[in-house]
Amino acid sequence: MEIDPFIFRLSIFILSIFVGYYVVWSVTPSLHTPLMSVTNAISSVIIVGAIIAALSGSSETIFETSNIFGFLAIILAAVNIFGGFLVTQRMLQMYKKKKK
Amino acid sequence: MSANLSALFYLISGILFILALRGLSSPETSRQGNYFGIAGMIISIIVTFLSIENFGPGFIYVLLFLLIGGSIGAFIAFKIPMTAMPELVAGFHSLVGLAAVFVAISAFLKPEVFSLGTVGNIKLASLIEMSIGAAIGAITFSGSIIAFLKLRGIMSGAPITFKGQHFINLILGFTIIFLIYYLCISQSSNIFWSVVIISFLIGVLLIIPIGGADMPVVISMLNSYSGWAAAGIGFTLENTALIITGALVGSSGAILSYIMCKGMNRSFFNVILGGWGATDQASSSEGKEQKPVKNGNADDAAFLMKNASSVIIVPGYGMAVAQAQHALREMVDALKKNGVKVSYAIHPVAGRMPGHMNVLLAEANVPYDEVFELEEINNDFANCDVAYVIGANDVTNPVAKSDPQSPIYGMPVLDVEKSKSVLFVKRSLSPGYAGIDNDLFYRDNTLMLFSDAKKMTEEIVKSL
């Protein structure tokens, strides 16, 4: 009997939860704010879906409702991607060790 | 690009995202981690373009919108003051939530694009996945907007409660489950829209009863939700990068919520169900107002600290409000010149989001190896000459250790009372967020400095 591809995706999902669990516990508490901003940035990989939605159809149908929702989602996700990574970078630059 | 090849690239993106989080285990590796994250994102986006292979006019529009959004994001990232970080993160969460809703809507309107079937005949599993993604996304969006408004001070931070609130939330929750079930049978677009709208409503209702000081839990929880929403969409689109990221972000937010709840010794449900102490405790503190308090000024404080051999600084949300972190650093520099050993003690729930105090201190150029977490430093108070409490209150209250009747009993607190003397910068004797009196104010070794945190610290710097 063949295994439904959904099961494979579910396996990836569950394993990733475990990976996330162990990785996040090892994050030092002083970096919890950058952790939130970087998770924010990476969850905007949802832009992949937005691009597919926006680019569906030919050039005549480019501004159909579903495409427009795709374009809107691209803007939102792009704000998040650039904003999230850059603000994380800005924060991380500030963490300095004692000058010896 | 073939579907198999792009799937492999999405897997690589997912791994890079894992490494991005892994980097945050220490400040030295964190910057490199962030680059891994950026690389993962670039790979995902390029692979998506290559697999669609549509470089017509639509492609130009995509790039244009990417650029518009990107410039807005970059502008915000460079302009935002560090004190506004909690509301920024809440705002970003709302965008992820809304993007998830939009992608789900788009998939519902044109399922054939994502090979999920055709309009009115969408695959059952996809329909469930996309409606769950849309529902969680919508809750994340409206919940984060409320959190943003509360943190920004546009909306009062006080809990808004009304009778039957939890009952209504429960009913709405069940309604969503029922509607999704009904959607699967009917494939009706009206039902889909109803799911989205009711979810927006739940998001609002879920966050309004939660008070300002519980925001660390709320932000972490919304962080978690944004992850689950992304994962839901990831299942719909059969995209590994999204599934991995969603799981990572979801568990990250959940762990942070757990850490924050533990920092307050409260259960998750206790926080979510809203309103803490504020009402039932107000009456019991009335009888205590006559107790004598030792009142000091900046010169007294400067004298005490100058002659100390070690000082521990306990910052709280008040420091963030007064923007006192830079003045504080100047004070510490002056103390160090006098040969005083200074360290900082951070309570897990100090501030309005996880790690809030650490970022503010880092902004003021405080080296991170002088900043300690509660467990690391709590034993040092016994050997310390002066504890300088600036803008913190409930997290220092010894009542949490002694009085089982107190609402904060059992909450881990910083043992400031064990140090030889305590300097407590506060505007008045009013109780903190938990609504309980702080026993520390009336101790013999406590000197109250009634003033604004920043003003007082600046005055101390002058007299040092």
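Check the entry above for the structure.
An account of the accompanying structure is given in this report. All of these numbers come straight from a predicted model, not from anything done at the bench.

Interhelical geometry of helix H4 (residues 65-94) of chain A versus helix H2 (residues 27-52) of chain B gives an angle of 165° and a closest axis separation of 9 Å. Relative to H2(B), H4(A) is oriented roughly antiparallel. Of the two possible hands of crossing, H4(A) and H2(B) adopt the one that is left-handed. Residues Ile81(A), Phe85(A), Thr88(A), Gln89(A), Leu92(A) and Gln93(A) of H4(A) form the contact with H2(B), whose own contacting residues are Ser30(B), Arg31(B), Asn34(B), Tyr35(B), Gly37(B), Ile38(B), Met41(B) and Ile45(B). Taken together, the residues that form the contact of H4(A) with H2(B) break down as seven nonpolar, six polar and one charged.

Moving on: the pairing of strand S6 (residues 386-390) of chain B. All names here are of chain B. In terms of burial, S6 is a largely internal element, five of the five residues being buried. Here S6 shows two buried faces, one formed by Val-386, Tyr-388 and Ile-390 and the other by Ala-387 and Val-389. One ladder, built from five bridges, connects strand S3 (residues 310-315) with S6; its direction is parallel. Each bridged residue has a counterpart across the sheet, and for Pro-315 the counterpart in S6 is Ile-390. Pairing analysis gives five bridges linking S6 to strand S7 (residues 421-426), with the strands arranged parallel. Residue pairing for S7: Ile-390 is matched across the bridge by Val-425.

Quick look at the pattern of salt bridges now. Residues and elements named next belong to chain B. All told, the structure shown has 11 salt bridges over all chains when counted by the stated rule. Residues Glu-370 and Lys-336 are paired through a salt bridge, measuring 2.8 Å at the closest nitrogen-oxygen approach. Remark: Lys-336 occurs in helix H13 (residues 325-337) and Glu-370 occurs in the loop between helix H14 (356-363) and strand S5 (371-373); sequence separation between them is 34 residues. Here Lys-336 falls in the partly exposed class, since its relative accessible area comes to 35%. In this structure, Asp-385 and Lys-420 form a salt bridge, with 2.9 Å as the shortest nitrogen-oxygen distance. Of the two residues, Asp-385 is situated in the loop between helix H15 (374-377) and S6 and Lys-420 in the loop between helix H16 (399-402) and S7; the sequence distance between them amounts to 35 residues. A relative accessible area of 15% means that Asp-385 is categorised as buried. Each of the salt bridges in this network shares a partner with another, and the network as a whole consists of Lys-401, Asp-415, Glu-417 and Lys-418.

All names here are of chain B. The residue Ala-20 is located in helix H1 (residues 3-22) in this model. Given a relative accessible area of 3%, Ala-20 falls into the buried group. On a C-alpha basis, the gap between Ala-20 and Tyr-35 in space is 7.3 Å, while along the polypeptide they are 15 residues apart. When residues no more than four places from it in sequence are discounted, the contact partners of Ala-20 are Gly-33, Phe-36 and Gly-37.

The subject of this paragraph is the interface of chain A and chain B. Each side of the interface is counted separately: chain A has 80 residues, and chain B has 104 residues. A buried area of about 8300 Å², summed over both sides, lies between chain A and chain B, and 78% of it is on carbon and sulfur atoms. Contact with chain B buries surface across chain A, with Met36(A), Ile46(A) and Leu55(A) losing the most and accounting together for 9% of the total. Taken together, chain A and chain B are joined by two salt bridges. The partner of Glu64(A) in a salt bridge is Lys110(B), and the shortest N-O contact between them spans 3.2 Å. In this structure, the connection of chain A to chain B is made through 19 residue pairs in polar contact (both at pLDDT 80 or more). Broken down by secondary-structure element, the contributors of at least two residues to the side of chain A that touches chain B are helix H1 (5-25), helix H2 (32-43), helix H3 (47-54) and H4 of chain A. A total of 28 residues in the side of chain A that touches chain B trace back to one element, the largest contributor, which is H4(A).

Residues and elements named next belong to chain B. With four of its five residues buried, strand S8 (residues 446-450) lies for the most part within the structure. The sheet contact formed by S7 and S8 spans five bridges and is parallel. Within S8, the residue paired with Phe-424 across the bridge is Met-448.

To continue, consider empty space enclosed by the protein. Tallied over the full model, the rule gives two cavities of 30 Å³ or more. Of the pockets and cavities examined, the largest cavity occupies roughly 40 Å³. Lining of the largest cavity is provided by Ser30(A), Tyr95(A), Asn358(B), Leu361(B), Ala362(B), Val366(B), Tyr368(B) and Val371(B). Looking at the lining of the largest cavity element by element, the count peaks at three residues for H14(B). Grouping the amino acids of the lining of the largest cavity by side-chain chemistry returns six nonpolar, two polar and no charged. Each pocket or cavity is described by its volume, and for the second largest cavity that value is around 30 Å³. Around the second largest cavity, the lining residues are Val38(A), Thr88(A), Leu92(A), Ala20(B), Leu24(B), Ser30(B), Gly33(B) and Asn34(B). Of all the secondary-structure elements, those providing two or more residues to the lining of the second largest cavity are H4 of chain A together with H2 of chain B. Considering each element in turn, the lining of the second largest cavity owes the most residues, three residues, to H2(B). A class-by-class count of the residues in the lining of the second largest cavity yields four nonpolar, four polar and no charged.

On to helix H17 (residues 453-463) of chain B. All names here are of chain B. Within the sequence span of H17, burial applies to Ala-453, Met-456, Thr-457 and Ile-460. The buried side chains of H17 occupy one side of the element, clustering within an arc of 95° when seen end-on. Buried residues along H17 sit in contact with helix H11 (298-306), helix H12 (317-322), H13, S6, S7 and S8. The N-capping residue of H17, defined by a side-chain oxygen 3.1 Å from the backbone nitrogen of Lys-454, is Asp-452.

Attention now moves to the environment of Ala99(B). In this structure, Ala99(B) sits in helix H4 (residues 85-109). By relative accessible area, Ala99(B) is classed as buried at 1%. Taking the C-alpha atoms as reference points, Ala99(B) and Gly137(B), 38 residues apart in sequence, are found 7.7 Å from one another. The residues touching Ala99(B), leaving out its near neighbours within four places in the chain, are Ile46(A), Ala73(A) and Leu76(A).

A few words on the packing of helix H5 (residues 124-152) of chain B against helix H8 (residues 215-237) of chain B. Residues and elements named next belong to chain B. Running from N to C, H5 and H8 cross one another at 155°; their axes reach a closest spacing of 8 Å. Put simply, H5 runs roughly antiparallel to H8. The two elements H5 and H8 cross, and the hand of that crossing is left-handed. Taken together, the residues of the contact of H5 with H8 sort by class into 14 nonpolar, nine polar and two charged.

Cut-offs used in this document
- Residues numbered from 1 in each chain as written.
- Chains lettered and ligands numbered in written order.
- Predicted model: local features only at pLDDT ≥ 70, side-chain atom pairs only at ≥ 80, totals over all residues.
- Heavy atoms only, no water.
- Axes fitted to C-alpha atoms, helices over the stretch in contact; angles between N-to-C directions.
- Helix = DSSP H or I, 4+ residues; strand = E, 2+ residues; numbered from the N terminus.
- Parallel < 35°, antiparallel > 145°, perpendicular 65-115°, else oblique.
- Left-handed = near helix turned anticlockwise from the far one by under 90°.
- Contact = heavy atoms within 4.5 Å.
- Nonpolar A, V, L, I, M, F, W, Y, C, P; charged D, E, K, R; others polar.
- Buried < 20%, exposed > 50% of the residue type's maximum accessible area, 1.4 Å probe, protein only.
- Pairing = 2+ DSSP bridges.
- Salt bridge = Lys/Arg side-chain N within 4 Å of Asp/Glu carboxyl O.
- Buried area = accessible area lost by both parts, 1.4 Å probe.
- Polar contact = N/O pair within 3.5 Å; in protein donor to acceptor, adjacent residues only side chain to side chain.
- 1 Å grid on protein atoms, 1.4 Å probe; cavity = no way out; pocket = protein on both sides within 12 Å on 5 of 7 lines; lining within 4 Å.
- Points joined across faces, edges and corners; volume = space filled by probe spheres on them.
- Arc of directions from axis to C-beta.

Read these as spatial facts, not as claims about activity.
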